[in-house]
Amino acid sequence: AGASDAIHLLRALCLLGRYDDQTFLKLLKAAASVPRTSLTAAEDDALHQVALSLLHDPEAAGILAKVQRRQQQQQQQHQDEEEDQREYNDVSSSGDLWEQLF
């Protein structure tokens, strides 16, 4: 499903109180595949309503926890990659490693 279709399906699922993990996560990924600035006002409003449902509907607690866990994992992975890049840059900028060792 495209981002627009995914947003409308997510909104419908929230209205019905249906938070199937796999389906919901796939639709969230599809909805996030485009920049929010490219959404229509109606799509942006629907996405906002989905976020509110996730935050406030007790039935959504499980899917919200999974989304938050995935976000934390992605942030940690991004931080790890940045640290690796900084370490590589530090070694690269300090001259040839072979010259330093011998």
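Above this text you will find the structure in question.
Description of the structure in this document. The structure presented is a predicted model; accordingly, all values stated were derived computationally and were not measured.

### Let's talk about the overall build of the protein chain
Move 1: Within the protein chain, the secondary structure is distributed over 5 helices and 0 strands.
Move 2: Helices and strands appear in the protein chain in the N-to-C order α-α-α-α-α.
Move 3: For the protein chain, long-range pairs separated by at least 24 residues make up 64% of all intrachain contacts whose partners lie at least 6 apart in sequence.
Move 4: Working note: accessible area of the protein chain is about 7500 Å², and carbon and sulfur atoms make up 53% of it.

### Let's talk about the side chain of Glu43
Move 1: Mapped onto the fold, Glu43 is located in helix H3 (residues 41-56).
Move 2: The side chain of Glu43 sits in the buried core without any salt bridge; Arg36 is the nearest counter-charge, 9.8 Å away.
Move 3: Beyond its immediate sequence surroundings of up to four residues, Glu43 is in contact with Ser4, Ile7 and His8.

### Here's the deal with a negative patch on the surface
Move 1: There is a patch of like negative charges on the surface, built from Asp80, Glu81, Glu82, Asp84 and Glu87.
Move 2: Tracing the sequence through the fold places Glu82 in helix H4 (residues 61-93).

### Points about the packing of helix H1 (residues 3-16) against helix H2 (residues 21-31)
Move 1: Where H1 meets H2, the closest approach of the two axes is 8 Å, and the angle between their N-to-C directions is 140°. In terms of their interaxial angle, H1 and H2 are classed as oblique. When you trace H1 past H2, the crossing you get is left-handed. Only Thr23, Phe24, Leu27, Leu28, Ala30 and Ala31 of H2 make contact with H1, whose side of the interface consists of Ala3, Ala6, Ile7, Leu9, Leu10, Leu13 and Cys14.

### Focus: the nonpolar core
Move 1: Membership of the largest hydrophobic core comes to 19 residues, with the highest contact counts inside it found for Leu10, Tyr19, Phe24, Leu54 and Ile63.
Move 2: Listed by contribution, the elements that provide at least two residues to this core are H1, H2, H3 and H4.
Move 3: Here this core takes 6 residues from H2, the largest share from any one element.
Move 4: Setting aside anything within four residues of it in sequence, one finds Leu10 in contact with Phe24, Leu27, Leu28, Ala31 and Val50.

### Some points on H3
Move 1: Taking 1.5 Å per residue as the helical rise, H3 with its 16 residues ought to reach 22 Å, and the 22 Å between its terminal C-alpha atoms agrees with that figure.
Move 2: If you check which residues of H3 are buried, you get Glu43, Ala46, Leu47, Val50, Ser53 and Leu54. Taken end-on, H3 shows its buried residues confined to a sector of 115°, consistent with a single buried face. Projecting away from the buried face of H3 at angles above 90 degrees are the exposed residues Ala41, Leu55 and His56.

Parameters at a glance
- Residues numbered from 1 in each chain as written.
- Predicted model: local features only at pLDDT ≥ 70, side-chain atom pairs only at ≥ 80, totals over all residues.
- Heavy atoms only, no water.
- Helix = DSSP H or I, 4+ residues; strand = E, 2+ residues; numbered from the N terminus.
- Contact = heavy atoms within 4.5 Å.
- Areas by Shrake-Rupley, 256 points an atom, 1.4 Å probe, with all protein chains shown as cover.
- Buried < 20%, exposed > 50% of the residue type's maximum accessible area, 1.4 Å probe, protein only.
- Lys, Arg positive; Asp, Glu negative; His and termini not counted.
- Salt bridge = Lys/Arg side-chain N within 4 Å of Asp/Glu carboxyl O.
- Patch = residues over 30% accessible without salt bridge, like charges linked within 9 Å, V, L, I, M, F, W, Y side chains within 5 Å.
- Charge placed at Lys NZ, Arg CZ, Asp CG, Glu CD.
- Axes fitted to C-alpha atoms, helices over the stretch in contact; angles between N-to-C directions.
- Parallel < 35°, antiparallel > 145°, perpendicular 65-115°, else oblique.
- Left-handed = near helix turned anticlockwise from the far one by under 90°.
- Core = buried A, V, L, I, M, F, W, Y, C linked by side-chain atoms within 4.5 Å.
- Expected span 1.5 Å × (residues − 1).
- Arc of directions from axis to C-beta.

Interpretation in functional terms is not warranted from these geometric data alone.
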